[in-house]
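Observations on the model geometry
Here is how the chains run, residue by residue.
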Amino acid sequence: MDTIGQLLLAYVAVLGFGLIINIPRRALNIAGWIGTLTWGFYLIVQVFDGGVVLGSFVGSVGIGVLSNVAAHYKKMPSIIFNIPSLVSFVPGSQAYQMVRNFALGKYVTAMGFTLQVVMITGAIALGFLIAELLNRLISFCILQWQRMKIE
Amino acid sequence: MTTDELIIATCLRAGKIMVENGSEISRVDDTMIRIAQNAGVIQANTYVTITGVMMSISGRNATQIASVNKRTIDLEKVAQVNQLSRTFADQQIDLPTLYAQLGELDGASRSFPLWLQLVGAALVSGPLMIMFRHETINTWPTIIIGTLGYLVFYLLNRYLKIKFLSELVAALFIGFAAEWAYQVGWGTNINDIIIGALMPLVPGVPLTNAVRDILAGNFVSGPARAVEALISAAALGFGIAVVISIF
């Protein structure tokens, strides 16, 4: 129940962020589904005690690959799908705790949260890099497969 | 206008619209080159940064620059330019039509109406608060403060046109409103309310584009966007820090 609720919330949040940054109407639904699916990957990583960093990494790889697929399918730029879907992975909670602890003068705790923010952001960036690699690989494989079919 | 000039003007207009509305640089480059190639230019050179677009055709005299002074986030327009470029590649429209339609696109405002954007802000703030904090007691205060915070940001950004200042004021508003909700007894946890209410203001587009630009090797625009995202985040952080230090 809790899991289904989380997935539903992920869909709603991605839809909301899509409305704010004004993505095309016919892309909203697919962006929402990408958000839901990748949040599902994140939850699976959490079940196996993978931690937030690994979860964000897996999620952003998923977002990168799925957005590319959606971009080919809908013939739209892939940023339309990957920016809204990323909203659930933003380390907002940790970033807030960082600012709060700095403001309260608890520098040791604040540094801990800073490192968490840096690591999560880094994991998301690395996830995009790996996703780019996978995208190239997928399009290469499709090309080879089409060539084999023609011959 | 000669054909060369028209080709360059069309490419620049397309590039300018895309950069202004939050596309990543490699896509702008790609679209401009594609338009030029479909218009019959064998080798075109483009130089795209987030503050200006330049283009020339190899071996000819014409070179032009378009400066980008304002940057907003409107991914619908990016998709529209992409669509127009595709129809031009399929030879459904000719170059002067493409040029005219790009001009129309630039003038038209296709963003969602304000109330729908506010609904979007509500949908972002509440659900993310529940997802991050695993509690539902503070949902309503978060949704309402998040929506009002986005409204403050939207109105200030529209009339002041300084994004970072609007973000700072919106963060201050969210902080004070959350503190007020806590004092009145409406919300039980000020931290959760602030985290959720801030989420619609997160600089998602500059951040994602910064990563994508840097990965694509655009070392002028990528870091510039990263700085933009960092200043936005710092503005939000300062606003909240002020409120926390006061109370």
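Read on for an overview of the structure. Because the structure is predicted, anything quoted here is derived from the model rather than measured.

Basis of the calculations
Residues numbered from 1 in each chain as written. Chains lettered and ligands numbered in written order. Predicted model: local features only at pLDDT ≥ 70, side-chain atom pairs only at ≥ 80, totals over all residues. Heavy atoms only, no water. Pairing = 2+ DSSP bridges. Helix = DSSP H or I, 4+ residues; strand = E, 2+ residues; numbered from the N terminus. Buried < 20%, exposed > 50% of the residue type's maximum accessible area, 1.4 Å probe, protein only. Contact = heavy atoms within 4.5 Å. Buried area = accessible area lost by both parts, 1.4 Å probe. Polar contact = N/O pair within 3.5 Å; in protein donor to acceptor, adjacent residues only side chain to side chain. Nonpolar A, V, L, I, M, F, W, Y, C, P; charged D, E, K, R; others polar. 1 Å grid on protein atoms, 1.4 Å probe; cavity = no way out; pocket = protein on both sides within 12 Å on 5 of 7 lines; lining within 4 Å. Points joined across faces, edges and corners; volume = space filled by probe spheres on them. Axes fitted to C-alpha atoms, helices over the stretch in contact; angles between N-to-C directions. Parallel < 35°, antiparallel > 145°, perpendicular 65-115°, else oblique. Left-handed = near helix turned anticlockwise from the far one by under 90°.

**As for the pairing of strand 3 (residues 63-67) of chain B**
Residues and elements named next belong to chain B. Sheet analysis places strand 2 (residues 52-57) next to strand 3, joined by five bridges and oriented antiparallel. Pairing of Met-54 across the sheet is with Ile-65, part of strand 3. Counting the residues in the hairpin turn of strand 2 and strand 3 gives five residues, including Gly-59, whose phi is positive at 85°.

**Some details on the environment of Ile-93 of chain B**
Residue and element names in this part refer to chain B. Checked against the element boundaries, Ile-93 lands in the loop between helix 3 (75-89) and helix 4 (95-107). Take Ile-93: its relative accessible area is 18%, and that puts it in the buried class. When near neighbours in sequence (up to four residues on either side) are disregarded, Ile-93 contacts Leu-84, Thr-87, Phe-88, Leu-98 and Gln-101.

**Let's talk about the interface of chain B and chain A**
Contact residues are listed per partner, giving 48 residues for chain B and 41 residues for chain A. Together, Leu-75, Phe-112 and Met-131 of chain B form the three largest contributors to the area buried by chain B at its contact with chain A, with a combined 18%. Between chain B and chain A we count nine residue pairs in polar contact (both at pLDDT 80 or more) in total. Of all the secondary-structure elements, those providing two or more residues to the side of chain B that touches chain A are helix 3, helix 5 (114-133), helix 8 (190-198), helix 9 (204-215) and helix 10 (221-246) of chain B. Across the side of chain B that touches chain A, the residue classes tally to 26 nonpolar, 14 polar and eight charged.

**Focus on the layout of surface pockets**
In this structure, the largest pocket encloses a volume near 1300 Å³. Looking at the largest pocket, it is lined by 42 residues, and the ones nearest its centre are Arg-71, Thr-72, Ile-73, Asn-157 and Lys-163 of chain B. Those elements giving two or more residues to the lining of the largest pocket turn out to be helix 1 (2-20) of chain A together with helix 1 (3-20), helix 6 (139-160), helix 7 (163-184), helix 9 and helix 10 of chain B. The greatest single-element share of the lining of the largest pocket, amounting to five residues, is contributed by helix 6 of chain B. Grouping the constituent residues of the lining of the largest pocket by class yields 19 nonpolar, 11 polar and 12 charged.

**Brief notes about the packing of helix 1 of chain A against helix 2 (residues 25-47) of chain A**
Residues and elements named next belong to chain A. Taken N-terminus to C-terminus, the directions of helix 1 and helix 2 make an angle of 140°; their axes are 8 Å apart at the nearest point. Accordingly, the angle class assigned to the pair helix 1 and helix 2 is oblique. Two packed elements cross with a definite hand, and for helix 1 against helix 2 that hand is right-handed. Residue-level contacts link Thr-3, Gln-6, Leu-7, Ala-10, Tyr-11, Val-14, Leu-15, Gly-18 and Leu-19 of helix 1 to Leu-28, Asn-29, Ala-31, Gly-32, Trp-33, Gly-35, Thr-36, Trp-39, Gly-40 and Leu-43 of helix 2. Counted by class, the contact of helix 1 with helix 2 contains 11 nonpolar, eight polar and no charged residues.

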